[in-house]
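# Chain and residue survey
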Amino acid sequence: MADLEAFRKDVQAWLEQNCPPSMRTPMPDDETVWGGRNAKYKNPESKQWLDAMASKGWTAPTWPAAYGGGGLSKDENMILQQELRRIKARPALNSFGLWMLGPALLEFASEEQKQRFLPEIVRGEIRWCQGYSEPGAGSDLAGLQTSAVLDGDTYTVNGQKVWTSYANHADWIFCLVRTDKTVKHDGISFLLFDMTTPGVSTKPIQLISGYSPFCETFFDDVKVPAGQLVGELNKGWTIAKRLLQHERSMISGMGLGGALSGATGQTLAGAAKEHLGEDNGKVADPVVRQHITQHNMDSKAFALTMRRVQEEAKAANDVSATSSVFKFFGTELNKRKYELLIESMGTKMLGWEPDDSYSAGEIDNTRSWLRSKANSIEGGTSEVQLNIIAKRVLGLPD
Amino acid sequence: MSFVLNEEQQILRDSAKGFIAEKSPVTELRRLRDTKDANGFDTALWSQMAEMGFAGIIIPEEYGGVGFGYRGLGLVLEEAGRSLTASPLVSTSLLCASALLIGGSEDQKKGLLPKIADGSLVMAMAMDEGAHHAPAKIAATAKKDGDSFVINGTKSFVLDGHIASKLIVAARTSGKPGDTKGLTLFIVDAGASGVTSSRHIMVDSRNAAEITFNNVKAESVLGDVDGGFAILDETLDRARIGLSAEMLGSALEAYERTIEYLKERKQFGVVIGSFQGLKHRAAKMFCDLELCKSVVADALSAIDERRNDIALSASLAKSRVGATFNEVSSEAVQMHGGVGVTDEYELGFFLKRARVADATFGNVAFHSQRYAEIEGY
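Residues numbered from 1 in each chain as written. Chains lettered and ligands numbered in written order. Predicted model: local features only at pLDDT ≥ 70, side-chain atom pairs only at ≥ 80, totals over all residues.

## Details of the overall build of chain B
The line we're drawing: To qualify as a helix, a DSSP run of H or I must reach at least 4 residues; to qualify as a strand, a run of E must reach at least 2; elements of each kind are numbered from the N terminus. For the radius of gyration, the atoms used are the C-alpha atoms, and the globule rule reads 2.2 Å times the number of residues raised to 0.38. With C-beta atoms placed from the backbone, a residue counts as buried when 20 or more other C-beta atoms lie within 10 Å of its own, as exposed when 12 or fewer do, and as partly exposed for counts between those limits.
Across its full length, chain B carries eleven helices and ten strands. Its C-alpha atoms give chain B a radius of gyration of 21 Å, within 12% of the compact-globule value 21 Å for 377 residues. When the 377 residues of chain B are sorted by exposure, 51% land in the buried category.

Following this line, the structure appears as structure tokens:
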């Protein structure tokens, strides 16, 4: 315990010296740092902050120091996160490499692959995207058809992926490919390759929100060195499932809290009071008030549950089944939050372009409402999560 | 706080689980109901529960208890909930013991708590007067009479009221119904002249009574005259949280029985648990129950750690668990089909208990309102 308190003092001192002032202010969407070869830093302090954190390995605090990580224990990491929250530090790096690929590589990759790929993820030098879904393989992901054929020590990849997040900005892709057409789950492998390889092309998909965070990604005779296959040939489904658990945990945090992510920064109740009025300190519309209450109670109970399960996982082991609980509940909660925001703000939540009456923050909220509709689809639909809970947790038969 | 149980708590939970499963399966509640047992609970069982230390879990050792705190009592209540065990655990060991711990004088604590802990004293709290829980809406009066007070009024839905030998009575010493000011708590001997109690036969086969006070002389004041509401409110929050733990146990039991049934019952040549129409509902209830486990554990710890958000945690727990228990007990009946609505099957007991427990100490609507008020909207 004394060691941990000493660690906290060190963290505090280091943050005081190394976290630039603007990195302790709320982050506008266009200053989010994703790293990568072509990263542009609108705010130069973002880059400074990333480099400082990466030098300590604290972009990946619990990864082994041998791979560039912070090598922190869970307790130390908890202290680091507390101190980061305390000074309201922005995340130094947003990265699918950190959230999804890295944990899978730590578990399944060869030593050589870990040495090669993990440090550049920690430093934010390579931006990764995920090649999973295909036009014919959505909820039935294992039905994927993108093929990889081995000839000598090179795979030739052909096919199409869809819903590839930020593929047009990514440097590398982790990709599920079919290496055996005679079987389903046992014919899938996990392949890594450079997006600048000849034959790779991307096409953004415009969404209902007006944004294009996803792409279609095409592979036309893409040559990939055999050494970039992770794990065993035809055993990629195991890696894919584990990685999906990390993805689901990442998405499920979105429903937390009554505060909104948009630049208006109001709580639901605050927005309702502003636009519907107050009656003795209460939201004037009793029906809306009840909806908000229900949502906030669910949100609080959900946050407590995330904490409880983390503690229990630390005390015992397995967390795998619970990631579906969080994915299902968290994304449904997030969708409900935005529906409630429309109920609370009325037409102020229904503008499309900023103008004299509609602030950029309000438009952000509107676009986020539309974005939230994808939360319960991406990373496995709510219905798929319920199937997983029924099968894996409750033991109900197919 | 930690969500993970320490070794002492695990031992307590395991011993409660073993004891209650053996001595008090749901068939015991059926027996009490069918034999129209005069006490409404098994007094021999209650003595054994006291010997196990269950009756005095929250009572400090200096007053004869075991001092395991509310988290400890919650574990026992959860196990009791699994078996729908009828006992004075809620009325006496949770509700009245809490009131004494919060507002009692040294004499009152010394005089009553050891008897609660050893199982010899059953106590009841007489507060509500209408069909809904409304702790400020009290019309019963207490008038100063020399050194003492004289109580008049009628109390409804007094848990274990017909069998308790001491009562804690909330009565108005000033103000009007609805005012939080002007309420006072009294300790009253149930055998005192002017006390008439009549037992209700409730749908859940548990004890509740109507008690009329006709010029009844109070034994003593619990806390300050006119300052009873603060003690009552704090006591009720602890009772709401404890009862939520019992309800969680009942909801989990009804749910687990249903999942087992889905794996056994065959129709159309397959087990009905293979149907997605049932799977998804079962999986959603699993998520709801996971949330219930968290809010109950957190609220129990809030009491033990004397946190400043006990009221909010109590309303969150009672409302969340109440809604889930109502839903799970209804779905349990539906998913069992025809046998679910037979008296022979035990599920009906869980359905009935869910609604009475929800109404006790404030239902889902009451606590949703209260949560919003505490949060300031």
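Read on, since the account is not over.
## Comments concerning the overall build of chain A
Rules: Note that contacts rest on C-beta atoms placed from the backbone: two residues are in contact if these are within 7 Å.
Within chain A one finds eleven helices and ten strands. Here chain A has a C-alpha radius of gyration of 22 Å; the compact-globule value for 398 residues is 21 Å, and the two agree. Here the contacts in chain A between residues at least 6 apart in sequence split such that 69% fall between residues at least 24 apart.

## Regarding the confidence of the model for chain B
Worth spelling out the cut-off: As a per-residue measure, pLDDT tells how confident the predictor is, with possible values from 0 to 100.
Averaged over all residues, the pLDDT of chain B is 97; the fraction at 70 or higher stands at 100%. Interface confidence for the predicted complex, expressed as ipTM, amounts to 0.94; the pTM equals 0.90.

## Observations regarding the environment of Asn168(A)
Residue and element names in this part refer to chain A. Relative to the helices and strands, Asn-168 resides in the loop between strand 3 (154-165) and strand 4 (172-178). The sequence separation of Asn-168 and Pro-204 amounts to 36 residues, and the corresponding C-alpha distance is 7.1 Å. Asn-168 has contacts with Thr-202, Pro-204 and Cys-215, leaving out every residue within four places of it along the chain.

## Quick notes on the domain arrangement of chain B
Residues and elements named next belong to chain B. For the record, the criterion: Domain borders in the structure are assigned automatically or taken from a domain database. Here the term charged refers only to Asp, Glu, Lys and Arg, the term nonpolar to Ala, Val, Leu, Ile, Met, Phe, Trp, Tyr, Cys and Pro, and the term polar to all other amino acids, Gly among them.
By the assigned domains, chain B splits into domain 1 (7-121), domain 2 (124-227) and domain 3 (230-375). Summarising the inter-unit geometry, the C-alpha centres of domain 1 and domain 2 are found 23 Å apart. Contacts between the two partners involve 19 residues from domain 1, matched on the other side by 16 residues from domain 2. Elements that contribute at least two residues to the side of domain 1 that touches domain 2 include exactly helix 2 (26-34), helix 5 (89-103) and helix 6 (106-117). When residues of the side of domain 1 that touches domain 2 are assigned to their parent elements, the largest contribution, seven residues, is made by helix 5. Looking at the side of domain 1 that touches domain 2 residue by residue, the classes come out as eleven nonpolar, seven polar and one charged.

## Let's talk about the nonpolar core
As a reminder, the rule being used: Throughout this description, the term nonpolar core refers to a group of buried Ala, Val, Leu, Ile, Met, Phe, Trp, Tyr and Cys residues whose C-beta atoms join them within 7 Å.
Membership of the largest hydrophobic core comes to 146 residues, with the highest contact counts inside it found for Ala126(B), Ile151(B), Ile168(B), Val169(B), Phe186(B), Val295(B) and Val296(B). If we ignore the near neighbours within four places in the chain, the residues touching Val169(B) are Ala126(B), Ile151(B), Phe186(B), Val188(B) and Phe213(B). The next biggest cluster of nonpolar side chains, apart from the first, holds 66 residues, and it includes Leu80(A), Trp128(A), Tyr132(A) and Leu192(A).

## Let's talk about the domain arrangement of chain A
Here chain A is partitioned into domain 1 (2-94), domain 2 (128-234) and domain 3 (256-393). Centre-to-centre, using C-alpha coordinates, domain 1 of chain A lies 27 Å away from domain 3 of chain A.

## Some words on the interface of chain B and chain A
At the interface, 31 residues of chain B touch 34 residues of chain A. Among the elements that line the side of chain B that touches chain A, the one with the most residues is helix 8 (residues 276-304) of chain B, at 13 residues.

## Section: the environment of Asp288(B)
All names here are of chain B. Among the structural elements, Asp-288 can be located in helix 8. Classification of Asp-288 by C-beta neighbours within 10 Å gives buried; the count is 20. It is 9.8 Å that separates the C-alpha atoms of Asp-288 and Glu-327, two residues lying 39 residues apart in sequence.

## Comments concerning unusual backbone geometry
Residues and elements named next belong to chain A. The phi torsion at Lys-88 lies on the positive side, around 55 degrees, for a residue other than glycine. As for its position among the elements, Lys-88 is in the loop between helix 3 (74-86) and helix 4 (96-108). Here Lys-88 falls in the exposed class, since 12 other C-beta atoms lie within 10 Å of it. For Trp-163, which is not a glycine, the phi torsion comes out positive at approximately 60 degrees. Structurally, the position occupied by Trp-163 is in strand 3. By C-beta crowding, Trp-163 is classed as buried, having 22 other C-beta atoms within 10 Å.

## Considerations on helix 8 of chain B
Our working rule: Expected span, for any helix, means 1.5 Å times one less than how many residues it has.
Here helix 8 of chain B spans 42 Å end to end across 29 residues, near enough to the 42 Å set by a 1.5 Å rise per residue. Arg306(B), located one to two residues past helix 8 of chain B, shows a positive phi value of around 50 degrees.

## Concerning the packing of helix 7 (residues 228-264) of chain B against helix 9 (residues 310-336) of chain B
Residue and element names in this part refer to chain B. Applied cut-off: Convention adopted: a line fitted to C-alpha atoms gives each axis, helices being fitted over their contacting stretch, and angles between N-to-C directions are expressed from 0 to 180 degrees. Roughly parallel means an angle under 35 degrees; roughly antiparallel means over 145; roughly perpendicular covers 65 to 115; every other angle is labelled oblique. Handedness of a crossing is defined here by the sense of rotation of the near helix relative to the far one, left-handed for an anticlockwise turn of less than a right angle and right-handed for a clockwise turn.
Where helix 7 contacts helix 9, the two axes come as close as 8 Å, and the packing angle between them is 25 degrees. As summarised for this structure, helix 7 and helix 9 are arranged roughly parallel, according to the angle between their axes. The chirality of how helix 7 crosses helix 9 is left-handed. Within the contact of helix 7 with helix 9, the residues separate by chemical class into 17 nonpolar, eight polar and four charged.

## Here's the deal with helix 2 (residues 44-56) of chain A
Every α-helix carries 3.6 residues per turn, so stepping three or four residues along brings you back to the same face. Residues and elements named next belong to chain A. For clarity, the threshold we go by: To be clear, the arc concerns the directions from the helix axis to the C-beta atoms.
Over its 13 residues, helix 2 extends 19 Å from the first C-alpha to the last, a length consistent with the 18 Å expected when each residue adds 1.5 Å. For helix 2, the complete set of buried residues consists of Ser-46, Trp-49, Leu-50, Met-53 and Ala-54. Viewed end-on, helix 2 has its buried residues packed into an arc of 125 degrees, placing them on one side of the element.

## A closer look at the environment of Ser330(B)
Looking at where Ser330(B) falls in the secondary structure, it is placed in helix 9. Remark: the alpha-carbon pair of Ser330(B) and Asp288(B), spanning 42 residues in sequence, is separated by 14 Å.

## As for the packing of helix 5 of chain B against helix 7 of chain B
All names here are of chain B. Axis separation between helix 5 and helix 7 bottoms out at 9 Å; the angle between their running directions is 150 degrees. Classified by the interaxial angle, the pair formed by helix 5 and helix 7 is roughly antiparallel. Judged by the twist between their axes, the crossing of helix 5 over helix 7 is right-handed. Taken together, the residues of helix 7 that come into contact with helix 5 (itself represented by Val-90, Leu-94, Leu-95, Ser-98, Ala-99, Ile-102 and Gly-103) are Ile-231, Glu-234, Thr-235, Arg-238, Ala-239, Gly-242, Leu-243 and Glu-246.

## Observations regarding the pairing of strand 3 of chain A
Residues and elements named next belong to chain A. Which entries qualify depends on this criterion: Only strands joined by at least two bridges in the DSSP assignment are considered to pair.
Pairing of strand 2 (residues 147-151) with strand 3 involves five bridges; the strand directions are antiparallel. Counted as the bridge partner of Ser-147 is Asn-158 from strand 3. As consecutive antiparallel partners, strand 2 and strand 3 are separated by two residues, and within that stretch Gly-152 has a phi angle of approximately 70 degrees, a positive value. Relative to strand 7 (residues 214-225), strand 3 runs antiparallel, the two being bridged by ten bridges. In the sheet register, Val-157 faces strand 7, and the bridge partner there is Val-222.

## Concerning the pairing of strand 7 of chain A
Pairing between strand 6 (residues 200-205) of chain A and strand 7 of chain A: six bridges, direction antiparallel. Bridge assignment links Thr202(A) to a residue of strand 7 of chain A, and that residue is Thr217(A).

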